[in-house]
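Letter by letter, the chains look like this.
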Amino acid sequence: MDYNSSQKIIAEALGTGLLLATIVGSGIMAETLSSGNIALALLANVIAIGAMLYVLITTLGPVSGAHLNPAVSTVFALRGDLPWKMAGLFIVAQIIGGIIGTLTAHAMFDQAIIQVSIEDRSGVPLIFSEAVATFALIFTILMTLRARPAAVPAAVALVITAACWFTASTSFANPAVTIARIFTDTFTGISATDAIPFVLIQFVGAALAWWLADRILAPGKTK
């Protein structure tokens, strides 16, 4: 079935909004119920995120591709699979949807709707972790699309679940998610100052994954 541009943009906004509502909402719930056990809170948060990613990609993938991530949309534009104009509209929709999702989570948990995070996530190890996490995500998407497209929802959910634990940054791996999390001073927040290098390095990691997947591992492919 063919979907028009408006339907695709709405799908990207809605999907990213639901993703952020899950990230922030489950973070609030986990922190509330974990009695100060950060590992337990992170585990609960990550399980919810992985589950929602699988659902969103399965349901919205046929509509817009379920990018839900400016780095993904940018890579698909670089590959020639998405017009740059549409990629730009996707990115705007993802950012706006993500912020609305964050505010929605606050409303569900009777929090102040408008917040600004002061959470310190600075330092070279965390920034480098975001490059690794975003590389892993994009590489997984591109290689799974080539090898077994039907497995993309599970592959993305699993790689993000894993990266939340094996990276020091707990794997934001998504510029829209990073920007939206500036607006929550809760368990999942990040200060605006720390978000800037996160976003920049996420695009670097994504570009490197695109280059490796499309050029080194497919030498016979021409663009």
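Up top is the structure these notes are about.
Residues numbered from 1 in each chain as written. Predicted model: local features only at pLDDT ≥ 70, side-chain atom pairs only at ≥ 80, totals over all residues. Heavy atoms only, no water.

### Focus on the nonpolar core
Basically, it comes down to this: Grouping buried Ala, Val, Leu, Ile, Met, Phe, Trp, Tyr and Cys residues that are joined through side-chain atoms within 4.5 Å yields what is termed a nonpolar core. A simple rule labels every residue: compare its accessible area, found with a 1.4 Å probe on the protein chains alone, to the largest value its type can have, and call it buried under 20%, exposed over 50%, or partly exposed in between. The helix count covers DSSP runs of H or I at least four residues long, the strand count covers runs of E at least two residues long, and both are numbered beginning at the N terminus. Should any heavy atoms of two residues lie within 4.5 Å, those residues are counted as being in contact.
Counting residues in each nonpolar core, the largest one holds 49 residues, and the members touching the most others are Leu19, Leu137, Ile138 and Ile160. Mapped onto this core, the elements with two or more residues apiece are α1 (5–33), α2 (38–64), α3 (70–78), α4 (84–108), α5 (124–147), α6 (152–166), α7 (175–180) and α8 (192–216). Residue contributions to this core peak at nine residues, all from α2. Every residue in contact with Ile138, bar those within four places of it in the chain, is listed here: Ala71, Val72, Val75, Ala206, Ala209 and Trp210. Counting residues in hydrophobic clusters, the runner-up holds six residues, among them Phe172, Ile182, Ile190 and Phe198.

### Notes on the side chain of Ser169
The cut-off we apply is this: Polar contacts, as used here, are pairs of N or O atoms within 3.5 Å; protein pairs need one atom able to donate a hydrogen and one able to accept it. Residues neighboring in sequence count only if both atoms are side-chain atoms.
Within the secondary structure layout, Ser169 lies in the loop between α6 and α7. At 2.6 Å, the side chain of Ser169 and the side chain of Glu130 are in polar contact.

### What to know about the packing of aromatic side chains
Formally: Pairing of aromatic rings covers Phe, Tyr and the six-membered ring of Trp, with a centre-to-centre limit of 6.5 Å; geometry is then stacked below 30 degrees between planes, edge-to-face above 60, and tilted otherwise. Whether a charge lies above a ring is judged from NZ of Lys or CZ of Arg, which has to be within 6 Å of the ring centre and within 35 degrees of the ring normal.
In the structure shown here, the tally under the stated rule is two aromatic pairs. Ring centres 5.6 Å apart and planes at 10 degrees place the aromatic pair Phe135 and Phe139 in the stacked group. Pair noted here: Phe135 and Phe139 are both in helix α5, with a separation of four residues, about one helical turn. Exposure remark for Phe135: the relative accessible area of 23% places this residue in the partly exposed category. Of the residues examined, Phe139 reaches a relative accessible area of 23% and is grouped as partly exposed. Ring centres of Phe172 and Phe198 lie 5.2 Å apart, and the angle between their planes is 80 degrees; this geometry places the pair in the edge-to-face category. Of this pair, Phe172 sits in the loop between α6 and α7 while Phe198 sits in helix α8, placing them 26 residues apart in sequence. This pair shows no difference in class: Phe172 is buried, exactly as Phe198 is. The positively charged end of Arg79 is found above the aromatic ring belonging to Phe76, 6.0 Å away from the centroid. Here Arg181 stacks its cationic end above the ring of Phe172, 3.6 Å away from the centre of that ring.

### Thoughts on a nonpolar patch on the surface
Our working definition: Like charges are joined within 9 Å and nonpolar side chains (Val, Leu, Ile, Met, Phe, Trp, Tyr) within 5 Å, but only among residues with over 30% relative accessible area and no salt bridge; these make up the patches. For the area figures, the Shrake-Rupley method with a 1.4 Å probe applies, and any residue is considered shielded solely by the protein chains shown. Here, a salt bridge means any side-chain nitrogen of Lys or Arg that lies within 4 Å of a carboxyl oxygen of Asp or Glu.
A contiguous nonpolar patch, built from Leu40, Leu43, Ile47 and Trp165 and spanning about 390 Å² of accessible area, is present on the exposed surface. Per-element tally for the nonpolar patch: the top contributor is α2, with three residues. Tracing the chain through its elements places Ile47 in helix α2.

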